[in-house]
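Here is how the chains run, residue by residue.
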Amino acid sequence: MSVPIWGRFFTVAPLIVIGTREPDGRYDLAPKHMATPLGWENYFGFVCTPEHATYQNIRRDKVFTVSFPAADAVVLASLAASPRCGDDSKPALTALPRFKATTIDGEFLAQSTLFFECELDRIVDGFGANSLIAGRIVAAMVSPAALRSMDVDDQEVIANSPLLAYLAPTRYATVHRSQSFPFPAGFQKTRDPES
């Protein structure tokens, strides 16, 4: 335990792209994988380091976007991780198809299936060199093919709109097949009888 354990095995996480606005007004996109819903309400969080512009932009503007790239957009997500030039620009971002958020000042990666517009709820520093950035989702969009419906089997939805997963620390996968989880009888998400 004297060194971090995470490079010794694979774990599954979503691959997302966080959108922020730079101090000069340009927009930045940065891929992240340490990301998750925060509870059953409309909160979403991800891990970032204060050394990154993403962290500093969110601390300043108090908003960010979240794009969940489509399964065939892994190269676009990778380009968003391109290093900055000496003038602090990321020229690779000009190649990425983007569109504006509707509620906050931000942009999305266009070739995605799920989009969140978030207002900063809080930043929790102190996880070593990293921090947890927690946002409240104030607007969300989903591509029609990825939207669950009572008229369509969940497996068909996943087959028609596969999920892009990051297999930390170095790989990715496409999820196009799934099975129902065998919840025990009477299982509830919370003690609330409505859950």
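Right, let's walk through the structure included here.

Rules behind the numbers
Residues numbered from 1 in each chain as written. Predicted model: local features only at pLDDT ≥ 70, side-chain atom pairs only at ≥ 80, totals over all residues. Heavy atoms only, no water. Helix = DSSP H or I, 4+ residues; strand = E, 2+ residues; numbered from the N terminus. Buried < 20%, exposed > 50% of the residue type's maximum accessible area, 1.4 Å probe, protein only. Lys, Arg positive; Asp, Glu negative; His and termini not counted. Salt bridge = Lys/Arg side-chain N within 4 Å of Asp/Glu carboxyl O. Polar contact = N/O pair within 3.5 Å; in protein donor to acceptor, adjacent residues only side chain to side chain. Pairing = 2+ DSSP bridges. Axes fitted to C-alpha atoms, helices over the stretch in contact; angles between N-to-C directions. Disulfide = S-S within 2.5 Å. Core = buried A, V, L, I, M, F, W, Y, C linked by side-chain atoms within 4.5 Å. Contact = heavy atoms within 4.5 Å.

### Some points on the side chain of Lys32
Piece 1. Within the element layout of this structure, Lys32 appears in strand E3 (residues 27-32).
Piece 2. There is no salt bridge for the buried Lys32, and the closest opposite charge comes from Asp28, which lies 7.7 Å off by N-O distance.
Piece 3. Within polar-contact distance, the side chain of Lys32 engages the side chain of His52 at 3.5 Å.

### Some words on the sheet that holds strand E11 (residues 163-168)
Piece 1. If you trace the three strands from one edge of the open sheet to the other, you get E1-E11-E12, paired in antiparallel fashion. The sheet is open, and its two borders are formed by strand E1 (11-14) and strand E12 (171-175), each paired with just one other strand. Each strand axis lies, on average, 35 degrees off the axis of its neighbour in the sheet, ignoring direction.
Piece 2. By the bridge criterion, four bridges tie E1 to E11 in an arrangement that is antiparallel. Opposite Pro14, over in E11, you have Ala165 as the bridge partner.

### Digging into the state of the cysteines
Piece 1. Taken as a whole and judged by the stated rule, the model has zero disulfides.
Piece 2. Take Cys85: it sits in no disulfide, and the sulfur closest to it among the cysteines is that of Cys48, at 20 Å.

### Considerations on the pattern of salt bridges
Piece 1. Going through the model one piece at a time under the given rule, you end up with 13 salt bridges.
Piece 2. A salt bridge links Arg84 to Glu22, with the nearest nitrogen and oxygen atoms 2.7 Å apart. Separated by 62 residues along the polypeptide, Arg84 in the loop between helix H2 (74-79) and strand E7 (98-100) and Glu22 in the loop between strand E2 (16-21) and E3 bring together distant segments of the chain.
Piece 3. The class of Arg84 is partly exposed, set by a relative accessible area of 28%.
Piece 4. Its relative accessible area of 6% is what places Glu22 among the buried residues.
Piece 5. Between Asp121 and Arg122 there is a salt bridge, with its nearest N and O atoms 2.6 Å apart.
Piece 6. Judged by its relative accessible area of 34%, Asp121 is partly exposed.
Piece 7. Arg122 gets classed as exposed once you look at its relative accessible area, which sits at 51%.

### Overview of the nonpolar core
Piece 1. Counting 17 residues, the largest nonpolar core has Ile16, Phe44, Phe46, Phe64, Val66 and Ile133 as its most contacted members.
Piece 2. Mapped by element, the contributors of at least two residues to this core are E2, strand E5 (43-48), helix H1 (53-61), strand E6 (63-69), strand E9 (112-127) and strand E10 (130-142).
Piece 3. Per-element tally for this core: the top contributor is E9, with four residues.
Piece 4. Contacts of Phe46, omitting those with residues within four sequence positions, involve Ile16, Ile18, Lys32, Met34, Ala35, Thr54, Ile58, Phe64, Ser131, Leu132 and Ile133.
Piece 5. Grouped together as the second largest cluster of nonpolar side chains are 14 residues, Val17, Leu29, Ala77 and Leu164 included.

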